[in-house]
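# Overview (structure and organization)
One-letter residues, chain by chain:
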Amino acid sequence: QVQLVASGGGVVQAGGYLRLSCAASGPFFTINHMGWYRQLPGKQRDLVARVSSVGSTIYADSAKGRFTISRDNAKNMVHLQMNSLKHEDTADYYCYAEVRTSPTRIIDSWGQGTQVTVSS
């Protein structure tokens, strides 16, 4: 069973920074995309940033210029460096990975949420 374990959330003042990390473990062949989503209570989960296995990145407009996603394929980890944080970045952040578990099977795997609170 593939597991994603996220860490790095917390409380920070507006203008500050946080670094989220997520480690994947378990039986799998390869990991395709890895990324971060965020969600407010009662709202849908929205993409923040995503990185492919070869390092191509996609960012939400709200994250461009402030957040940087990176990936360590050797350690099966993905990181999200969040700078210049704003109050509106407050949310639960979820790590995501598209995982190939067999030659014919790809699954979506989610980590537990990590809470980010930005005080204004």
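Residues numbered from 1 in each chain as written. Predicted model: local features only at pLDDT ≥ 70, side-chain atom pairs only at ≥ 80, totals over all residues. Heavy atoms only, no water.

## Section: the side chain of Arg38
Rules: A run of H or I in DSSP counts as a helix once it spans at least four residues, and a run of E counts as a strand once it spans at least two, with each numbered from the N terminus. Identification of polar contacts relies on pairs of N or O atoms within 3.5 Å, with a donor-acceptor requirement for protein atoms, meaning one able to donate a hydrogen and the other able to accept it, and with residues adjacent in sequence counted only if both atoms are side-chain atoms.
For Arg38, the position within the fold is in strand E4 (residues 30-39). Among the polar contacts made by the side chain of Arg38, one reaches the side chain of Asp89 at a distance of 2.9 Å. Of the polar contacts made by the side chain of Arg38, one reaches the side chain of Tyr93; its length is 2.9 Å.

## A closer look at the environment of Thr90
Under the convention used in this document: Partly exposed residues are those whose accessible area sits between 20% and 50% of the maximum for their type, while under 20% is buried and over 50% is exposed, using a 1.4 Å probe and protein chains only. Contact between two residues is taken to exist if any of their heavy atoms lie within 4.5 Å; hydrogens are not considered.
Structurally, the position occupied by Thr90 is in the loop between strand E8 (77-82) and strand E9 (91-102). Look at Thr90 and you get partly exposed, because its relative accessible area is 21%. Measuring from C-alpha to C-alpha, the distance between Thr90 and Arg38 comes to 8.8 Å, with 52 residues separating the pair along the chain. Excluding its chain neighbours within four sequence positions, the residues that come into contact with Thr90 are Leu40, Val116, Thr117 and Val118. In this structure the side chain of Thr90 is engaged in a polar contact, spanning 2.9 Å, whose partner is the backbone nitrogen of Val118.

## Thoughts on the packing of aromatic side chains
Stated formally: Each Phe, Tyr or Trp ring, with Trp reduced to its six-membered ring, pairs with another whose centre is within 6.5 Å; inter-plane angles below 30 degrees give stacked pairs, above 60 give edge-to-face pairs, and intermediate values give tilted ones.
Under the counting rule described, the total for this entry stands at three aromatic pairs. Note on Tyr37 and Tyr96: the rings are 5.7 Å apart at their centroids and 70° apart in plane angle, and the pair reads as edge-to-face. Of this pair, Tyr37 sits in strand E4 while Tyr96 sits in strand E9, placing them 59 residues apart in sequence. Pair check on accessibility: Tyr37 and Tyr96 agree, each one buried.

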